[in-house]
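A look at the structure
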Amino acid sequence: MLKKVMTVALATSLLAATTFATTTEAEAHRRGGHVAGAIAGTIIGLGVLGAYAHSRDRGYYSRSCYEGRRRCDVVGQRCWYNRYGEYRCKDDVRCYRPTHCD
């Protein structure tokens with residue numbers, strides 16, 4: 001559905017940009033064509049950026065995904081002698097949030 005709406009919006013913006021670019025008459029020492037060109041370029045550029053952004057996240061939006069609860073695992077232990085000569089150990093803990101998709 002979103003793809004169809006984006007296609008219609010892109011076609012409409014392209015039609016509007018073409019209409020604005022062709023309706024200005026060419027006259028000597030007039031700068032009206034630059035404004036129409038800037039509007040057309042902006043509309044086309046935003047359309048291309050929107051299509052690119054939509055195509056990047058296609059896999060993410062195809063399913064319903066969410067982050068799960070935070071999980072922490074002990075992956076190792078580091079031990080050392082401190083400056084007082086005591087033997088100290090510290091657990092190396094790594095935490096993550098797994099992604100669950102329906």
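Scroll up for the structure.
Thresholds applied
- Residues numbered from 1 in each chain as written.
- Predicted model: local features only at pLDDT ≥ 70, side-chain atom pairs only at ≥ 80, totals over all residues.
- Heavy atoms only, no water.
- Phe/Tyr/Trp six-rings, centres within 6.5 Å; stacked < 30°, edge-to-face > 60°.
- Buried < 20%, exposed > 50% of the residue type's maximum accessible area, 1.4 Å probe, protein only.
- Pairing = 2+ DSSP bridges.
- Helix = DSSP H or I, 4+ residues; strand = E, 2+ residues; numbered from the N terminus.
- Salt bridge = Lys/Arg side-chain N within 4 Å of Asp/Glu carboxyl O.
- Patch = residues over 30% accessible without salt bridge, like charges linked within 9 Å, V, L, I, M, F, W, Y side chains within 5 Å.
- Areas by Shrake-Rupley, 256 points an atom, 1.4 Å probe, with all protein chains shown as cover.
- Contact = heavy atoms within 4.5 Å.
- Disulfide = S-S within 2.5 Å.

By the definition in use, this model includes one aromatic pair. Taking 4.9 Å as the distance between ring centres and 55 degrees as the angle between the ring planes, the aromatic pair formed by tyrosine 81 and tyrosine 87 counts as tilted. Pair check on accessibility: tyrosine 81 and tyrosine 87 agree, each one exposed.

Let's shift gears to the pairing of strand S2 (residues 71-81). Where S2 and strand S3 (residues 87-96) come together, ten bridges link them in antiparallel fashion. Note on S3: the bridge partner recorded for cysteine 79 is cysteine 89.

Before going further, it helps to examine the pattern of salt bridges. Applying the stated criterion across every chain yields a total of three salt bridges. In this structure, the salt-bridge partner of arginine 97 is glutamate 67, at a minimum N-O distance of 3.1 Å. Placement of arginine 97 in the loop between S3 and strand S4 (99-101) and of glutamate 67 in strand S1 (residues 65-67) is noted, with a sequence separation of 30 residues between them. Judged by its relative accessible area of 53%, glutamate 67 falls in the exposed class. A salt bridge links arginine 88 to glutamate 86, with the shortest nitrogen-to-oxygen separation between them at 3.3 Å. Classification of arginine 88 as partly exposed rests on a relative accessible area of 44%. By relative accessible area, glutamate 86 is classed as partly exposed at 37%.

In this section: a nonpolar patch on the surface. A cluster of nonpolar side chains, contributed by Leu2, Val5 and Met6, occupies part of the molecular surface with about 260 Å² of accessible area. In this structure, leucine 2 sits in helix H1 (residues 2-23).

Let us now look at the environment of glycine 76. Along the chain, glycine 76 turns up in strand S2. Taking the relative accessible area as the measure of exposure, glycine 76 reaches 27% and is therefore partly exposed. Linking glycine 76 and aspartate 91, residues 15 residues apart in sequence, is a C-alpha distance of 6.0 Å. In this view, glycine 76 contacts Lys90, Asp91 and Asp92; residues no more than four positions away in its chain are not counted.

Turning our attention to the state of the cysteines. Scanning the model with the defined rule gives two disulfides in all. Residue pairing for cysteine 79: its cysteine sulfur links by disulfide to cysteine 89, the two sulfurs lying 2.1 Å apart. The disulfide joining cysteine 79 to cysteine 89 has a torsion of about 110 degrees about its S-S bond and is therefore right-handed. Residue cysteine 79 is found in strand S2, and its partner cysteine 89 is found in strand S3; the two are separated by ten residues along the sequence. Overall, the relative accessible area of 34% leaves cysteine 79 in the partly exposed class. Overall, the relative accessible area of 40% leaves cysteine 89 in the partly exposed class.

Any functional reading would require information beyond the geometric quantities listed.
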